[in-house]
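Spelled out from the first residue to the last, the chains are:
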Amino acid sequence: MGFNATCTPGQDAGAAMVRVTPEVPALAIYLDPVNIAIQLPPFPGGSDVLMRFCRELSREASKLADHLGGQEGRHALAEGDPDVRS
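Residues numbered from 1 in each chain as written. Predicted model: local features only at pLDDT ≥ 70, side-chain atom pairs only at ≥ 80, totals over all residues. Heavy atoms only, no water.

## Describing the overall build of the protein chain
Here's step 1: On a plain count of helices and strands, the protein chain comes out with 1 helix and 3 strands.
Here's step 2: Secondary structure elements of the protein chain occur, N-terminal to C-terminal, as β-β-β-α.
Here's step 3: For the protein chain, buried positions account for 9% of its 86 residues.
Here's step 4: Pairs at least 24 residues apart make up 6% of the contacts formed inside the protein chain by residues separated by at least 6 positions. (Helix = DSSP H or I, 4+ residues; strand = E, 2+ residues; numbered from the N terminus. Buried < 20%, exposed > 50% of the residue type's maximum accessible area, 1.4 Å probe, protein only. Contact = heavy atoms within 4.5 Å.)

Dropping the structure here:
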């Protein structure tokens, strides 16, 4: 299933690993008020795909947090960053 969405985190946004069942973990993203759950893909090797995705998500989220932490202002990403596509 594919879709595109743009969301912004609210004041109470967060994330957590949750269990849909004792055998099925998922990543829950609580954006306040939008919630998203990323679950195991339903095919052989799905846990490896989700594992790689979570590790990539973690790396890229850390890069973004470091970038934002090093600049001031709400639009830090758009100001003078050559990697931002217009």
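Back to the write-up after that little detour.
## Considering the sheet that holds strand 1 (residues 14–21)
Here's step 1: Read from one edge to the other, the open sheet built from 3 strands follows the order 1-2-3, with strand pairing classed as antiparallel. Two strands close off the open sheet at either side, each with one partner strand: strand 1 and strand 3 (35–39). Across the sheet, the mean angle separating the axes of adjacent strands is 30° when strand polarity is ignored.
Here's step 2: Pairing geometry for strand 1 and strand 2 (residues 24–30), over 7 bridges, is antiparallel. Looking across to strand 2, one finds that Ala15 is bridged to Ile29. (Pairing = 2+ DSSP bridges. Axes fitted to C-alpha atoms, helices over the stretch in contact; angles between N-to-C directions.)

## Section: unusual backbone geometry
Here's step 1: Pro33 follows Asp32 through a cis peptide bond whose omega is 20°.
Here's step 2: Summarising the element assignment, Pro33 is placed in the loop between strand 2 and strand 3.
Here's step 3: The backbone of Asp32 sits at a positive phi, close to 60°, despite the residue not being glycine.
Here's step 4: On the secondary structure map, Asp32 appears in the loop between strand 2 and strand 3.
Here's step 5: Overall, the relative accessible area of 32% leaves Asp32 in the partly exposed class.

## Re the environment of Cys54
Here's step 1: Note on placement: Cys54 falls in helix 1 (residues 46–69).
Here's step 2: With 16 residues separating them along the chain, Cys54 and Ile38 place their C-alpha atoms 9.6 Å apart.

## A short note on the pairing of strand 2
Here's step 1: The pairing of strand 2 with strand 3 spans 5 bridges and is antiparallel. Directly across from Leu27, in strand 3, lies its bridge partner Ile38.
Here's step 2: Here strand 2 folds back onto strand 3, and the loop between the two strands holds 4 residues, one of which, Asp32, carries a positive phi near 60°.

## Details of the confidence of the model for the protein chain
Here's step 1: With 81% of its residues at a pLDDT of 70 or more, the protein chain has an overall mean of 86.
Here's step 2: Per-element mean pLDDT across the protein chain ranges from 94 in strand 3 up to 96 in helix 1. (pLDDT = per-residue confidence, 0-100.)

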